[in-house]
Each structure stands twice: as C-alpha cells, then as structure tokens.
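Analysis of the macromolecular model
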Amino acid sequence: QTHEHLGDQLRAFFILFTAIYLIALAVQATADGSSSGVPFGDRIFARIRAVPGAMLGLRVITAVLALLCLVWVYRVGDEGAKAVWYFRLHAPTG
C-alpha cells in the first residue's frame with residue numbers, strides 16, 4: 001500500500017476514534033445526572049448507559065481504535081521513509 005493510501009486510512013481511523021471517544025466521554029460525564037449541554041444528548045446518553053455493558057464496550061472500542069491509530073501512524077511513517085530514502089540509498093552508481 002502506498003503512503004498516501006495509508007494516510008487516508010489513518011485520517012478515517014482518527015475521525016472514528018475521536019467520535020467514539022467523545023461519545024464515551026459524554027456518556028461517562030453525564031452518568032451522575034448532570035447535563036451534557038446538548039438538548040437531545042442527555043436522552044441518547046441515558047439510553048446508551050441503560051444498555052448492559054455499554055460503557056465497557058465503548059472503552060474497549062476506544063482502546064482498540066487507539067491501538068489501530070498507533071499502528072497506522074507507524075505504517076504511514078515507514079512507508080513515507082521508504083518512499084523518500086529507498087531510491088537515495090539504492091541508486092545506481094556511476
């Protein structure tokens with residue numbers, strides 16, 4: 001896969017990670033009954049909390065996406081380095 005393709009995938013993973021993280025954060029922050037400040041958000045977050053294991057699921061998904069992003073950052077960097085340095089190091093002499 002190319003550096004550009006991996007970078008596009010990384011962008012999508014980070015957007016998904018951020019969205020899930022913010023949902024998990026809002027669900028946890030409103031667990032004591034405080035308002036999220038979003039009119040429809042409190043009802044949605046209460047429904048999520050009502051599902052058994054929902055918080056654990058959100059935490060696991062967040063952790064998996066964080067690790068996926070970490071791996072993709074490495075892959076993007078590795079592909080970029082190869083794209084830049086491979087031909088410089090393996091250029092024909094003469």
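In what follows, the accompanying structure is described. (Residues numbered from 1 in each chain as written. Predicted model: local features only at pLDDT ≥ 70, side-chain atom pairs only at ≥ 80, totals over all residues. Heavy atoms only, no water.)

**Examining the pattern of salt bridges**
Following the criterion strictly, the structure yields two salt bridges and no others. The shortest N-O distance in the salt bridge between Asp78 and Lys82 comes to 3.3 Å. Here Asp78 pairs with Lys82, and both are found in helix H3 (residues 54–89), just four residues apart, close to one helical turn. In this structure Asp78 comes out as partly exposed when scored by relative accessible area, which is 27%. Since its relative accessible area comes to 45%, Lys82 is described here as partly exposed. (Salt bridge = Lys/Arg side-chain N within 4 Å of Asp/Glu carboxyl O. Helix = DSSP H or I, 4+ residues; strand = E, 2+ residues; numbered from the N terminus. Buried < 20%, exposed > 50% of the residue type's maximum accessible area, 1.4 Å probe, protein only.)

**Digging into the packing of aromatic side chains**
Tallied over the full model, the rule gives two aromatic pairs. For the pair Phe13 and Trp72, a centre-to-centre distance of 5.0 Å together with 90 degrees between the ring planes defines the contact as edge-to-face. With Phe13 in helix H1 (residues 3–29) and Trp72 in helix H3, this pair connects stretches of sequence that are 59 residues apart. On the accessibility criterion, Trp72 (14% relative accessible area) is buried. Measuring from ring centre to ring centre gives 6.0 Å for Phe17 and Tyr21, while their planes differ by 20 degrees; the resulting arrangement is stacked. Taken together, the residues span about one helical turn, with Phe17 and Tyr21 both in helix H1 at a distance of four residues. Over the ring of Trp72 we find Arg75, and its NZ or CZ is 4.6 Å from the ring centre. (Phe/Tyr/Trp six-rings, centres within 6.5 Å; stacked < 30°, edge-to-face > 60°. Lys NZ or Arg CZ within 6 Å of the ring centre and 35° of its normal.)

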